[in-house]
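# Geometric and topological summary
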Amino acid sequence: MKNSKLISSAKFMDTIAKIIQILLMVGVWICGVTAVLLLAAYFLMPDALSSVITVAGEPLDANTYGSLVTTLIYALVFACVLGGLAVLLYWYVAKIIREILAPMKEGLPFIEGVSKKIRKLGWVVLISGIAASLIGPITGGVMTSMINQIPEIAGTANNSTYTMNMNFIFTSLIIFFLSYVFAYGEELQKEADETL
């Protein structure tokens, strides 16, 4: 029994996920190229780069703020790398979603293996949420420390308290629950196929 609404919805969602994957891959490349260009500019033209970075309308003098400029460049490169990894993770999530949708495009939502892919999606959501909760306060503290080293703007960045967003835990629990529902559906589908 084929469900035309399921098939058309799965095809539509797969198309959206494919477009998102393409855009995310462009984002990964942009982050990577930006990181490489920042490093290349810093090592090839350190004075030119420090004159481009301004605070309160004044360029950061490499002689006065040399170590800060270096730290800032490395922090920006680190942010580009982290951003690229985050975008790559979203690309992987879109890939898993497309794998889940593949049998649904054929009208077979309970084919063997779909529940494992849904469970994999749950683990990715859970682990990435934990990683983001750990990385967020660390990067925020580093940036606050760097900003407070510049006398012209010292004190404008405060170490704010960080509250952990627990939504990823509930989202992953719902996804795990759905994986067990799909596993049960797979068993029922297998029994139905064997009786035929």
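This text gives an overview of the structure that appears in the document.

Reading the values: rules and limits
Residues numbered from 1 in each chain as written. Predicted model: local features only at pLDDT ≥ 70, side-chain atom pairs only at ≥ 80, totals over all residues. Heavy atoms only, no water. Patch = residues over 30% accessible without salt bridge, like charges linked within 9 Å, V, L, I, M, F, W, Y side chains within 5 Å. Areas by Shrake-Rupley, 256 points an atom, 1.4 Å probe, with all protein chains shown as cover. Salt bridge = Lys/Arg side-chain N within 4 Å of Asp/Glu carboxyl O. Lys, Arg positive; Asp, Glu negative; His and termini not counted. Charge placed at Lys NZ, Arg CZ, Asp CG, Glu CD. Helix = DSSP H or I, 4+ residues; strand = E, 2+ residues; numbered from the N terminus. Buried < 20%, exposed > 50% of the residue type's maximum accessible area, 1.4 Å probe, protein only. Expected span 1.5 Å × (residues − 1). Phe/Tyr/Trp six-rings, centres within 6.5 Å; stacked < 30°, edge-to-face > 60°. Polar contact = N/O pair within 3.5 Å; in protein donor to acceptor, adjacent residues only side chain to side chain. Core = buried A, V, L, I, M, F, W, Y, C linked by side-chain atoms within 4.5 Å. Contact = heavy atoms within 4.5 Å.

### Re a negative patch on the surface
A surface patch of like charges, here negative, comprises Glu-187, Glu-191, Asp-193 and Glu-194. Here Glu-194 shows up in helix 5 (residues 167–195). For Glu-194, a relative accessible area of 60% gives the class exposed.

### Focus on helix 5
Over its 29 residues, helix 5 extends 42 Å from the first C-alpha to the last, a length consistent with the 42 Å expected when each residue adds 1.5 Å. Taken as a whole, helix 5 has its buried residues at Phe-168, Ser-172, Ile-175, Phe-176, Ser-179, Phe-182, Ala-183, Gly-185 and Glu-186.

### Quick notes on a nonpolar patch on the surface
Where nonpolar side chains cluster on the molecular surface, the patch consists of Phe-12, Met-13, Ile-16 and Ile-20 and spans about 390 Å² of accessible area. In this structure, Ile-20 sits in helix 1 (residues 4–44). By relative accessible area, which is 40% here, Ile-20 ends up partly exposed.

### Quick look at the packing of aromatic side chains
Evaluation of the coordinates by the stated rule reveals two aromatic pairs. Ring plane angle 65 degrees and centroid distance 5.1 Å describe the contact between Trp-123 and Phe-176, whose orientation is recorded as edge-to-face. Of this pair, Trp-123 sits in helix 4 (residues 114–147) while Phe-176 sits in helix 5, placing them 53 residues apart in sequence. The exposure class of Phe-176 is buried, given its relative accessible area of 11%.

### So, helix 1
Taking 1.5 Å as the rise per residue, helix 1 with 41 residues should run 60 Å; its terminal C-alpha atoms sit 59 Å apart, in good agreement. Measuring from the backbone nitrogen of Lys-5 back to the side-chain oxygen at the start of helix 1 gives 3.0 Å, which picks out Asn-3 as the cap.

### Overview of the pattern of salt bridges
Within this structure, the stated rule accounts for four salt bridges. With a closest N to O distance of 2.8 Å, Arg-98 and Asp-14 form a salt bridge. Here the residue Arg-98 occupies a position in helix 3 (residues 62–104), and Asp-14 occupies one in helix 1, the gap between them amounting to 84 residues. The partly exposed category is assigned to Arg-98, whose relative accessible area is 23%. Asp-14 is the salt-bridge partner of Lys-105, the closest N and O atoms lying 3.0 Å from each other. You can see Lys-105 sitting in the loop between helix 3 and helix 4 and its partner Asp-14 sitting in helix 1, a full 91 residues away along the chain. For Asp-14, a relative accessible area of 7% gives the class buried. Via salt bridges that share partners, Asp-14, Arg-98 and Lys-105 belong to a single interconnected network.

### Section: the nonpolar core
If you look at the biggest cluster of nonpolar residues, it comprises 16 residues, and the most contacted ones within it are Ile-100, Met-104, Val-114, Ile-118 and Leu-121. Only helix 3, helix 4 and helix 5 provide two or more residues apiece to this core. Looking at this core, the element that brings in the most residues is helix 4, giving six residues. The contacts of Ile-118, once residues within four sequence positions are left out, are Ile-100, Ile-175, Leu-178, Ser-179 and Phe-182. Counting residues in hydrophobic clusters, the runner-up holds seven residues, among them Tyr-42, Ile-73, Val-77 and Cys-80.

### Quick notes on the environment of Gln-21
The topology assignment puts Gln-21 in helix 1. Placed 73 residues apart in sequence, Gln-21 and Ala-94 show a C-alpha to C-alpha distance of 6.2 Å. Apart from the residues lying within four places of it in its own chain, the contact partners of Gln-21 are Trp-91, Ala-94, Lys-95 and Arg-98.

### Some points on the side chain of Ser-172
Position of Ser-172 relative to the elements: it lies in helix 5. Of note is the side chain of Ser-172, whose polar atom sits 2.9 Å from the backbone oxygen of Ile-169. Ignoring sequence-local partners within four residues, the contact set of Ser-172 consists of Gly-122, Val-125 and Leu-126.

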